[in-house]
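Architecture at a glance
If you want the building blocks of each chain, they are given just below.
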Amino acid sequence: MIPRYLVNFDLEKLPHVYTDVIVIGAGIAGLFTALKASEKHKVLMVTKKSLLDSNTRYAQGGIAAVISDEDSPAYHRQDTLIAGAGLCSSAAVDVLVHEGPAGVTDLIRMGTEFDMEDGRFALTKEGAHSQRRILHAQGDATGAEIVRALSEKTKQEKNIEIWDDHFVIDLITDDGTCYGVLVQRPDGQKVFVGANATILCTGGAGQLFRYTTNPEIATGDGIAIAYRAGADIRDVEFIQFHPTALCYPGAPRFLISEAVRGEGAVLRNIKGERFMERYHPQLELAPRDIVARAIVSEMEETKSTFVYIDFTHESHETVKNRFPTIYDFCLNYGLDLSSDWIPVAPAAHYMMGGVATDLYGETTVKRLFACGEVSSTGVHGGNRLASNSLSEAIVFGRRIVERIDQLSPLETVPPVREQRPLKDNAIQPVVEKKLKLQKLMLRYAGLKRHAKGLAKGYEELKRHLSFLDSCLSKREEYEFANLLICGLLTTQAALIREESRGGHYREDFPERDDLVWRKHTVFNRVNGIKEGRSDDV
């Protein structure tokens, strides 16, 4: 059994800090929501590293919104629903496509500078989009530009206090209501922070896997602490592997944006053959799950560890100007995007599922909200449409603040405490445990799955459960505990879903089964596993 709290504590013996709203995490979700909330409330932002460390910072492609006269919310809606493989919430998608443009206007007002062409926004196209609707900044540095603008504004806002290098260990709840969080300061001291509303903006769980485009901080903290607190966790079997991450000796799995294929780059196997025509009529711009599995199939067939992305038909200046970040990064490793075929392979990129929320970002725990990748709003379904993630964060961040504005203040905090027998840590270093978990997840719960492997992976993960009964005190220990919980939930969900859909592919059940499986997998620590009907059934 996964414990309710990771550490022992007694609220009555801890220092107390109070605020109106707690935002856990940074990225576009945390920064944008904090700024919107600060218009009427005192906000405390808690980040385990800094405002600049998040998945958003590495987002290259851009943000999807209906800006062009040739585009429409109906087109954007259709593209999102098709990519989502039958598991999107129509209501959530409607919210996204209709409110996205206003969110972009907010970002611009907050200082974000998107690329322009002839006095209009420069729009690009990405996989599974029927129209050019992706706004970008500095070519391929959209996330970095958004983080720059929002973090600068956040630091200037008098109603926002920032705690960098602090770790949220757990949510403090009583009778289904969240009263705040248990935080560990950089010096190891624990403190209780109480608030009328707590917002999880902790990002994803890419560090579950050996190869990922995510930074080291993406350890699934929000999903794990929400699960321990009794919130519903939904659809975590759906992991998106980005098809094209740099695969080169000595280099990290750096993202080669989908926008590169959107601008005409093609995929070739190690024999030099273009292969996507054998897999999908949209070729290189097919949905990400299809492209990623096609690449793996080609790698297996040619006994290679990579394929190539070929952008050499474009001029040197065009490539360098449109994708300066990718161009410079590749050049650091002796690869020229304009003249070399770049070796790439899939890497874990995005979790479609997460903490289940309603259309205003509220979870099944009262006064607890989730925004961004940590959430499961219903927008992404079984497979996220490219560049919808940044849009989702701003649209639902705004809605969360609308709901918080209506909350009455909390008056008293119950005397919550946790006292259970704990043992000393095992001798094996946490870094070794983490690497073992990542390799296990990649092998058994990666791009291609089957019952035998998933069952074996699940059993091996369960052997680590005793770690949760140890005396934990360091950030890396809390992170491993959270990764372990996320890994168990993901593997179990993948084992339960006996079909292939979106980012979940079962070799033993290769077909999509709408008759039986057009429904959600939902976990709750108290109530166990339950299946929720898809909103569109």
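Now for a look at the structure at hand. Note that the structure is a prediction, hence the values are computed from the model and not measured.

Parameters and conventions
Residues numbered from 1 in each chain as written. Predicted model: local features only at pLDDT ≥ 70, side-chain atom pairs only at ≥ 80, totals over all residues. Heavy atoms only, no water. Helix = DSSP H or I, 4+ residues; strand = E, 2+ residues; numbered from the N terminus. Pairing = 2+ DSSP bridges. Axes fitted to C-alpha atoms, helices over the stretch in contact; angles between N-to-C directions. Contact = heavy atoms within 4.5 Å. 1 Å grid on protein atoms, 1.4 Å probe; cavity = no way out; pocket = protein on both sides within 12 Å on 5 of 7 lines; lining within 4 Å. Points joined across faces, edges and corners; volume = space filled by probe spheres on them. Nonpolar A, V, L, I, M, F, W, Y, C, P; charged D, E, K, R; others polar. Phe/Tyr/Trp six-rings, centres within 6.5 Å; stacked < 30°, edge-to-face > 60°. Buried < 20%, exposed > 50% of the residue type's maximum accessible area, 1.4 Å probe, protein only. Parallel < 35°, antiparallel > 145°, perpendicular 65-115°, else oblique. Left-handed = near helix turned anticlockwise from the far one by under 90°. Core = buried A, V, L, I, M, F, W, Y, C linked by side-chain atoms within 4.5 Å.

1. Some words on unusual backbone geometry
A positive phi angle is found at Asp235, which is not glycine, with a value near 60°. As for its placement among the helices and strands, Asp235 is situated in the loop between strand 15 (233-234) and strand 16 (239-246).

2. Quick word on the sheet that holds strand 17 (residues 266-268)
Within the open sheet, the four strands sit side by side as 16-19-18-17. Their pairing is antiparallel. Because the sheet does not close on itself, it has two edges, and the strands there are strand 16 and strand 17. Between one strand and the next, the sheet's axes are offset by a mean angle of 45°, whatever the strand orientation. Sheet topology places strand 18 (residues 307-310) next to strand 19 (residues 342-351); three bridges connect them, and they run antiparallel. Residue Tyr308 lies in a different strand from strand 19, and its bridge partner there is Pro343. This element, helix 7 (residues 288-301), spans strand 16, strand 17, strand 18 and strand 19 of the sheet and lies at about 55° to strand 16.

3. Focus on empty space enclosed by the protein
This model, assessed by the stated rule, comprises five cavities of 30 Å³ or more. Approximately 60 Å³ is the volume attributed to the second largest cavity. Of the residues that constitute the lining of the second largest cavity, the class distribution is three nonpolar, seven polar and three charged.

4. Some words on the packing of aromatic side chains
Per the stated rule, a full pass over the model turns up twelve aromatic pairs. With centroids separated by 6.3 Å and ring planes inclined at 80°, the aromatic side chains of Tyr18 and Phe192 adopt a geometry described as edge-to-face. Of the two residues, Tyr18 is situated in strand 2 (residues 16-18) and Phe192 in strand 13 (residues 190-194); the sequence distance between them amounts to 174 residues. A residue is classified by how much of its surface remains accessible, and Tyr18, at 54% relative accessible area, is exposed. Note on Phe192: relative accessible area 0%, which makes it buried.

5. Some thoughts on the packing of helix 11 (residues 430-444) against helix 13 (residues 475-496)
Look at helix 11 against helix 13: their axes get within 10 Å of each other, and the N-to-C directions meet at 20°. Classified by the interaxial angle, the pair formed by helix 11 and helix 13 is roughly parallel. Here helix 11 runs over helix 13; the crossing is left-handed. In this structure, helix 11 uses Val430, Lys433, Lys434, Leu437 and Met441 to contact helix 13, whose residues at the interface are Glu476, Glu477, Phe480, Leu483, Leu484, Gly487, Thr490 and Thr491. Partitioning the contact of helix 11 with helix 13 into residue classes produces six nonpolar, three polar and four charged.

6. Section: the nonpolar core
With 75 residues, the main nonpolar core has Leu171, Leu200, Leu208, Ile233 and Val355 as its most contacted residues. A per-element tally of this core places helix 13 first, with eleven residues. Every residue in contact with Leu208, bar those within four places of it in the chain, is listed here: Met351, Leu437, Gln438, Met441, Leu483, Cys486, Gly487 and Thr490. Residues Phe32, Val43, Met45 and Leu150 belong to the second largest nonpolar core, which totals 43 residues.

7. So, the sheet that holds strand 4 (residues 43-46)
Judged by pairing direction, the sheet is parallel, and its five strands sit side by side in the order 10-4-3-14-21 without closing on themselves. Each edge of the open sheet is held by one strand with a lone partner, namely strand 10 (160-163) and strand 21 (368-370). Averaged over neighbouring strand pairs, the angle between their axes works out to 20° when direction is ignored. Relative to strand 10, strand 4 is paired through four bridges, and the arrangement is parallel. Residue pairing for strand 10: Val43 is matched across the bridge by Ile160.

Treat this as a map of the structure, not an account of what it does.
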